[in-house]
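Residue-level structure breakdown
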Amino acid sequence: MVDTSKTVRKEMSFSEVVVDGLYAGVLAGLVMAAYLALTALLRSEMLGVLFGRFDPSMASSPLTGFFTHLAVSGVYGILFGLVWFLVSNSPRTAPSSWQAMILGAGYSAGLFFLGWTILLPASASPLRQLPWWDFGLAHLVYGLSLGYLVYRRSLER
Amino acid sequence: MMSNRKTTLLAWAFCGLAIASALFGLWVEFINRDSYASLMAFVSQAVWRLSPIAFALPAALIVSRQPRNAVGWLLLIPAVILFINAPLEPYMIGIASADIPLTPLLIFVAWYIGNSWLLLIFPLLLILLLFPSGKPPSPRWRWVGYAALFWAALFVLLSTLTDTFELGGLVFPIPFGFIPAEIVNLILVPWQFGLVALAALCLVAFIVRYRRGSATEREQIKWLLYACGVFVAIYIAGFVFDLGGSETLAGYVWGTILGLTIMSIPIVIAVAVLRYRLWDIDIIIRRTLIYGALTVTLGLVYFGSVVLLQSLFTAVTGQSSTLALVISTLGIAALFTPLRRRIQRDIDRRFFRKKYNAEQTLAIFATTARDEVELKNLAEALLSVVQETMQPDRVNLWLRKGESKR
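The model shown is predicted, which means the values in this text are computed figures rather than measured ones. (Residues numbered from 1 in each chain as written. Chains lettered and ligands numbered in written order. Predicted model: local features only at pLDDT ≥ 70, side-chain atom pairs only at ≥ 80, totals over all residues.)

Time to look at the overall build of chain B. Counting secondary structure elements, chain B contains 14 helices and 2 strands. Radius of gyration (C-alpha) of chain B: 29 Å, far over the 22 Å computed for a compact globule of 406 residues. For chain B, the C-alpha atoms occupy an extent of roughly 100 × 75 × 40 Å along the three principal directions. Each of the 406 residues in chain B was classed as buried or not, and the buried ones make up 24%. Considering only intrachain contacts with a sequence separation of at least 6, the fraction spanning at least 24 residues in chain B is 66%. (Helix = DSSP H or I, 4+ residues; strand = E, 2+ residues; numbered from the N terminus. Rg over C-alpha atoms; globule rule 2.2 N^0.38 Å. Buried ≥ 20, exposed ≤ 12 C-beta atoms within 10 Å, placed from the backbone. Contact = placed C-beta atoms within 7 Å.)

This is how it looks when you write it as structure tokens:
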């Protein structure tokens, strides 16, 4: 028997993987938003306040904040697509589903570290008001979803 | 009964008046262009000034080609009303601020303006009921049309028999009105519910016609659905981003686009009724879906990329940089083609399955043709691909003998 999934991965083009990353990034961003909304409700925090923190203009508009979150998630997804292209370019190194999720989790841990320690303090973002572990777990959820979605997409192609 | 020639002349005469009125309004706006905050504010207003033309021209075209089709006449009514109201509404605003004594003529003008919205709304409801043939979907639906006419007449009767009515902050007494305004306002509450019910019935008639209609009728309805869909999408976008009445560039751009989408509705009605390039609608819908999704996605990526890069530059250099915009623009330029290809594939797979299946079959055949060396197998594959993509009644393959070895 021939492992067709690995043969297909070999034919992946760079641009296709980038677009896969974008799609997966936006979807994973939705999953992360759902997780954040759930934890906010558990903390008895209004969803408008939660998503208003993502508004880069500091006007605390929940809608702008929500779309900003999705947009940034999409861009991070594109970057993950680049990582995925490098990792899965050879059939020998192509990750399995759980390896893809671990890769996603590692990637999101890096994003969390970069955001929490450098980007958010520099822009004086109100996202720093969230508990750090909550924000970190949200990133983990994002990373796991991102890894799984990109892996699924690579199989479907 | 008027002859076709006379009705055509009448329709074109109304159309001419509407065009003259719209152009005059546009000229007045142009003279006063300095009073606008920006060029876009002027353009936004100018588009609304041109709306009577968008109704009058398609209406006159339909009436001249199909005088018995009620849709043309119904389209002409809003055009005429917009033409009449254009000079009257500023006049009423002037009166409200000048405190002029009320004359019978003034009261009549105010009464007319207070009722004229009926002549904008009810023709649109009846168009839903009668589009595209000018008749209801079946004789059983006729009563909806009569009910709509009765409902409009009831409103006119109530607003005529009320003792006073209010318009633009002014209270006008009606000389022969005897029903107290409070009672009329009370009666108008169930009247409004009736209007919503009528609108729902007209919509149901529209859906029934689509479900039971012929292929041609469905294509005609698709045109109107397409224009209404675009209008609703633009309207919702303005509502979500709070652009309605906003005196910003985005607000004026949105106002202009909204005006154009409203103007496109009578135009597509004419296209559908006159069956001009009727079957192009599937291509137009497909392209709108593809390029609409592409624009939204690229906009989202651009915005996300600018936000991220600006925060990165702020963290590194302590200030924002225009380099973020340059990199983001280059990024979306690079993303354009692969993203369009992907969106096109997804939309074809979901909404245009037949086309997608045909493309898939051709792609598989291309692989088979590359690898297959047996003529018999290749011929079978070719017949199969023709059958699946073209779906002919019968297919034969003729192979010339004796010239295979060269």
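The rest of the description comes next.
Attention now goes to the interface of chain A and chain B. When the parts come together, some accessible area is lost, and that loss is often what is quoted as the size of the interface. Facing the 17 residues of chain A at the interface are 16 residues of chain B. Sorting the residues of the side of chain A that touches chain B by element identifies α2 (14-42), α4 (62-88) and α5 (97-122) of chain A as the ones contributing at least two each. Residue classes in the side of chain A that touches chain B are distributed as 12 nonpolar, 4 polar and 1 charged. (Nonpolar A, V, L, I, M, F, W, Y, C, P; charged D, E, K, R; others polar.)

We now examine the environment of threonine 368 of chain B. Structurally, threonine 368 of chain B is set in helix α13 (residues 353-371). Sequence separation between threonine 368 of chain B and isoleucine 183 of chain B is 185 residues; the distance between their C-alpha atoms is 80 Å.

For the rest of this paragraph, the subject is the packing of α2 of chain A against helix α12 (residues 323-351) of chain B. The N-to-C vectors of α2 of chain A and α12 of chain B enclose an angle of 70°; their axes lie 9 Å apart at closest approach. Considering their axes alone, α2 of chain A and α12 of chain B lie roughly perpendicular with respect to each other. Seen from α2 of chain A, the contacting residues are Ser15, Glu16, Val18 and Val19 of chain A; seen from α12 of chain B, they are Leu335, Pro338, Leu339 and Arg342 of chain B. When its residues are assigned to classes, the contact of α2 of chain A with α12 of chain B shows 5 nonpolar, 1 polar and 2 charged. (Axes fitted to C-alpha atoms, helices over the stretch in contact; angles between N-to-C directions. Parallel < 35°, antiparallel > 145°, perpendicular 65-115°, else oblique.)

Below, the discussion takes up the environment of arginine 65 of chain B. Mapped onto the elements, arginine 65 of chain B comes out in helix α3 (residues 51-65). Sequence-wise, arginine 65 of chain B and valine 273 of chain B are 208 residues apart; in three dimensions their C-alpha atoms are separated by 9.8 Å.

Now for helix α9 (residues 215-240) of chain B. Turn by turn, an α-helix covers 3.6 residues, leaving residues three or four places apart pointing in a common direction. Residue and element names in this part refer to chain B. An ideal rise of 1.5 Å per residue puts 38 Å on 26 residues; α9 measures up with 36 Å between its terminal C-alpha atoms. Where α9 is buried, its residues meet α8 (181-212), α10 (249-273) and α11 (281-317). Two residues or fewer past α9, aspartate 242 is found with a positive phi of approximately 55°. (Expected span 1.5 Å × (residues − 1).)

Looking now at unusual backbone geometry. Cis rather than trans, the peptide bond between phenylalanine 131 of chain B and proline 132 of chain B has omega equal to 0°. Looking at the secondary structure, you find proline 132 of chain B in the loop between α6 (118-130) and α7 (142-161). Although it is not a glycine, serine 44 of chain A adopts a positive phi angle of roughly 60°. By secondary structure assignment, the location of serine 44 of chain A is in the loop between α2 and α3 (47-52). Classification of serine 44 of chain A as exposed rests on a count of 6 C-beta atoms within 10 Å. One non-glycine residue, alanine 124 of chain A, lies in positive phi territory at about 50°. Position of alanine 124 of chain A relative to the elements: it lies in the loop between α5 and α6 (132-156). The class of alanine 124 of chain A is exposed, set by 9 C-beta atoms lying within 10 Å.

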